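# What the coordinates show
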There are 2 protein chains.
Amino acid sequence: MESWVDGQPADVLSLKDRGLAYGDGLFETIAVRNGEPVLSDRHLQRLGLGCQRLAFKVDLAALAAELRAYAQGLGDGVLKLIVTRGDSLRGYGADPSAVPRRILLGSPPASYPVAHAEQGVRLFPCVTRLSEQPLLAGLKHLNRLEQVLARAEWSDAEHAEGLMLDTSGRVIEGVFSNLFLVRDGVLITADLSRCGVAGVMRAELLYQAESQGIATHVTDIRLEQLHQADEVFVCNSVYGVWPVRACGSARWSAGPLTRKLQTLARTLLDV
Amino acid sequence: MESWVDGQPADVLSLKDRGLAYGDGLFETIAVRNGEPVLSDRHLQRLGLGCQRLAFKVDLAALAAELRAYAQGLGDGVLKLIVTRGDSLRGYGADPSAVPRRILLGSPPASYPVAHAEQGVRLFPCVTRLSEQPLLAGLKHLNRLEQVLARAEWSDAEHAEGLMLDTSGRVIEGVFSNLFLVRDGVLITADLSRCGVAGVMRAELLYQAESQGIATHVTDIRLEQLHQADEVFVCNSVYGVWPVRACGSARWSAGPLTRKLQTLARTLLDV
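Residues numbered from 1 in each chain as written. Chains lettered and ligands numbered in written order. Predicted model: local features only at pLDDT ≥ 70, side-chain atom pairs only at ≥ 80, totals over all residues. Heavy atoms only, no water.

## Some thoughts on the overall build of chain A
The criterion, for reference: In DSSP terms, a helix is any run of H or I states spanning at least four residues, a strand is any run of E spanning at least two, and both are numbered starting from the N terminus. With the radius of gyration taken over C-alpha atoms, the globule rule is written as 2.2 Å times the number of residues to the power 0.38. In this scheme, a residue with accessible area under 20% of its type's maximum is buried, one over 50% is exposed, and one in between is partly exposed, where area comes from a 1.4 Å probe on protein chains only. In this description, contact between two residues means that some pair of their heavy atoms is separated by no more than 4.5 Å. In short, Shrake-Rupley with a 1.4 Å probe defines the accessible areas, and a residue's cover is counted only from the protein chains shown. Charge counting follows a simple rule: Lys and Arg are positive, Asp and Glu are negative, and His as well as the terminal groups are ignored. Where a charge sits is defined by one atom per residue type, namely NZ (Lys), CZ (Arg), CG (Asp) or CD (Glu).
Helix and strand counts for chain A come out as 8 helices and 16 strands. In summary, chain A has a C-alpha radius of gyration of 19 Å against a globular reference of 18 Å for 271 residues, a match within 12%. Counting only C-alpha atoms, chain A reaches 55 × 40 × 40 Å along its principal axes. The proportion of buried residues among the 271 residues of chain A is 58%. Contacts in chain A between residues at least 24 apart in sequence constitute 73% of all its contacts with a sequence separation of at least 6. Accessible surface, chain A as shown: approximately 10,800 Å² in total, 51% of it carbon and sulfur. When the 28 positive and 31 negative side-chain charges of chain A are each reduced to one mean point, those points stand 3 Å apart.

Set out below in C-alpha cells:
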C-alpha cells in the first residue's frame, strides 16, 4: 500500500526533517488484521508518552483516526507509524512553531518460520550493549544505532533474535523483542527505566498475566538468573511470543506459562 | 543553494532511508570559504572512521570530489554532508547490497554575535547527560536525541552553549562544541572513548598546539577540575573558538592560550 505523509499519499520526505537530521522522532510498528490496528490503544499510549517526553505537540485523537483509516486500506499487514518533530532550523534547537510530521508505511504481513513459535528460537548473545539513558529509556524513538549494530552481529538463520545486555551487564531485551523469564511460577521481565524499549506486547502480557492471578515481577535481571530460569520467551507486537530454547550454551524448554501467553498473543494477533 | 542527493539536485528523500528509520548514518558540518571546504581532510577522515565502524561501503575519494564540487557552487557558507546506509528492508537488519546515500545541504554563513568570540560565552549547565557507548563514541552519527534534549533546556540568549557531562559525571563537551581547559599552561580536553563527538576543530587545535610545543592532555575531567581551570573555551569547525566566561557560578577570563588558538582558528576559517 502507498505510504502517507501528513495524511497525504507520498513516498518521499523533506531533507530538512529532524527525523533524518537527529533521529528526532518516535515510531510504532503495529500489526493490522482485517483492517484493524491490533493493540492500537497501547501503541498510541506509548507514542503519547514519547511525545510528552520529547515535547512534541501531537493531536493523538486525530492521529488515531488517521491510523484507523490507513489500517482499513491496508487490510492485513504491518503498519509503521513514524512521528518526527518536523522540519529543522540549522542546529539542535527546535523551532517552537515546527509542526510534527506523521508518516505511515504499510507492508504485507510478516512471515517468520513456523518453527520459531513451535519449537522455539535460539538467541545470539550480542556483544553490543545498551547504553543507560533514563531520559530516553522505554521510548521507541528513532535513535536505534545500537539495535542496528547488534543485529549486524549475526547473519545465520540459526539465530532468530539476539540477547542484549546493558553496559552494566544486566539482561534487558532482544534486538526487536522484549524478553521474559519464568522462575517458580513468577513471570519476570527487565526494569526498563535505564534503557530498552517498553514494548506494547510486553505491557499487554504483564497486564493479562496479572488479571489471571499470575505473579509478575519487573526487576533487574542478572545473566545468572536468566540461565537458571524455568522458561524463557521473547515477544513483540508483530509475531507474538516465541519460546527461547537456547542462548550460547544455555538451554530451556518451552513451558506451560510460555504456551499460555503465546496462545493469548495469537488470539490478539489472529495468527 | 539547492541540495543534492547522490550527486543530483533534490530536496526530498525516500521514506525507506535508514537515516530516517534508525538514525543509521553519519554527518559532517563543514565551513566553506571561497568555494573551499575548510579542514576537509579531517572531516573526511572522521567520516571514514564512522563508515568503517558502521560498515558503510563509501568511496571516500569520490565523495571528496563531490564535496569540492558542491562547495565551489556554495562559495561561502556552511555545508552539511549526511551519509546514510541507504534504503532499508523491514527491520534492523541491513540489506548487504544497500548502497549508502549521500546528501549535501548548503546554507549561508553562520552569524553569531561578535561578543561570543570577543567577551566569551556563558554555558548553560545541562541536566541531560551523555550515555556511555564506546561503540559509537567519537562519531558524528545521526542518533542525536541527547543533544536535542540538552539544547531544549535553555532558550534565553544569555547562554550561547551548554555544558554536558556523562552519566558518570565527567565533563565531556558542549552541545555543539568540544570543550578545552587550560591549567598551568597545559591544554586539556576530555577523553571521548565512552561518549562525545570527536570534533574536527578539536583535533586541529590539539595538533597545532602540539606542533608549537604546548603540552596537551586528553583525559577524564572532573567538574572540580573545570572550576579550577585557568582558562576554558569551546570550539567547533564553524565558529572556531569562543572563550567561556561563566558556567553556573563558576567564572573564568579569556587567557593567552585561548586567544592564541582563537587566532589560529580564525585564520583557518577566515572569519
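## Observations concerning the sheet that holds strand 2 (residues 8–9) of chain A
Residue and element names in this part refer to chain A. Quick reminder of the rule: By this definition, two strands are paired if DSSP reports at least two bridges between them.
Judged by pairing direction, the sheet is antiparallel, and its 6 strands sit side by side in the order 2-1-7-6-4-5 without closing on themselves. Only two strands of the sheet have a single neighbouring strand rather than two, namely strand 2 and strand 5 (36–37). Two strands pair when backbone bridges link them, and strand 4 (residues 25–33) and strand 6 (residues 77–84) are joined in this way by 8 bridges, in the antiparallel orientation. Bridged to Phe27 within strand 6 is Ile82.

## Considering the relation of the copies chain A and chain B
Quick reminder of the rule: A residue counts toward the fit only if its pLDDT is at least 70 in both copies, and the copies are then superposed by least squares on the C-alpha atoms of those residues.
Once turned by 180 degrees and shifted 0.0 Å along the axis, chain A lies on chain B with an RMSD of 0.0 Å. Viewed as a symmetry operation, the transformation between the two copies matches a two-fold axis. The share of interface residues of chain A whose copies in chain B are also at the interface is 100%, consistent with both copies meeting through the same surface.

## Overview of helix 6 (residues 200–211) of chain A
All names here are of chain A. The following threshold applies: To estimate the expected span of a helix, subtract one from its residue number and multiply by 1.5 Å.
In this model, helix 6 (12 residues) spans 17 Å end to end at C-alpha, consistent with the 16 Å of a helix rising 1.5 Å per residue. By the burial criterion, the buried members of helix 6 are Val200, Met201, Arg202, Glu204, Leu205, Leu206, Gln208 and Ala209. One or two steps after helix 6, the chain reaches Gly213, where phi turns positive at roughly 80 degrees.

## So, the sheet that holds strand 2 (residues 8–9) of chain B
All names here are of chain B. An order of 2-1-7-6-4-5 is seen for the 6 strands of this open sheet, with the pairing classed as antiparallel. Looking at which strands have only one partner, the edges of the open sheet turn out to be strand 2 and strand 5 (36–37). Bridge count between strand 1 (residues 4–5) and strand 7 (residues 101–107): 2 bridges; the pairing is antiparallel. Note on strand 7: the bridge partner recorded for Val5 is Ile103.

## Quick look at the interface of chain A and chain B
The following threshold applies: For any pair of parts, buried area is found by adding up, for both, the accessible area (1.4 Å probe) each one loses once the two are put together. Salt bridges, as used here, are contacts in which a Lys or Arg side-chain nitrogen is within 4 Å of a carboxyl oxygen on Asp or Glu. For the purposes of these results, a polar contact is taken to be a pair of N or O atoms within 3.5 Å, where, inside protein, one atom must be able to donate a hydrogen and its partner to accept one; residues adjacent in sequence count only when each atom of the pair is a side-chain atom. In this classification, the charged set is Asp, Glu, Lys and Arg, the nonpolar set is Ala, Val, Leu, Ile, Met, Phe, Trp, Tyr, Cys and Pro, and all remaining amino acids, among them Gly, are polar.
On the chain B side, the residues contacting the 54 residues of chain A number 54 residues. Carbon and sulfur atoms make up 67% of the area that chain A and chain B hide from each other, which totals about 4,000 Å². If you sort the residues of chain A by the area they bury against chain B, Leu15(A), Tyr92(A) and Leu145(A) come out on top, with a joint share of 21%. Seen at the junction of chain A and chain B, the total is 0 salt bridges. Summed over the shared surface of chain A and chain B, the number is 16 residue pairs in polar contact (both at pLDDT 80 or more). Ranked by the residues each element gives to the side of chain A that touches chain B, the list is headed by helix 5 (residues 145–151) of chain A, at 6 residues. Grouping the amino acids of the side of chain A that touches chain B by side-chain chemistry returns 26 nonpolar, 14 polar and 14 charged.

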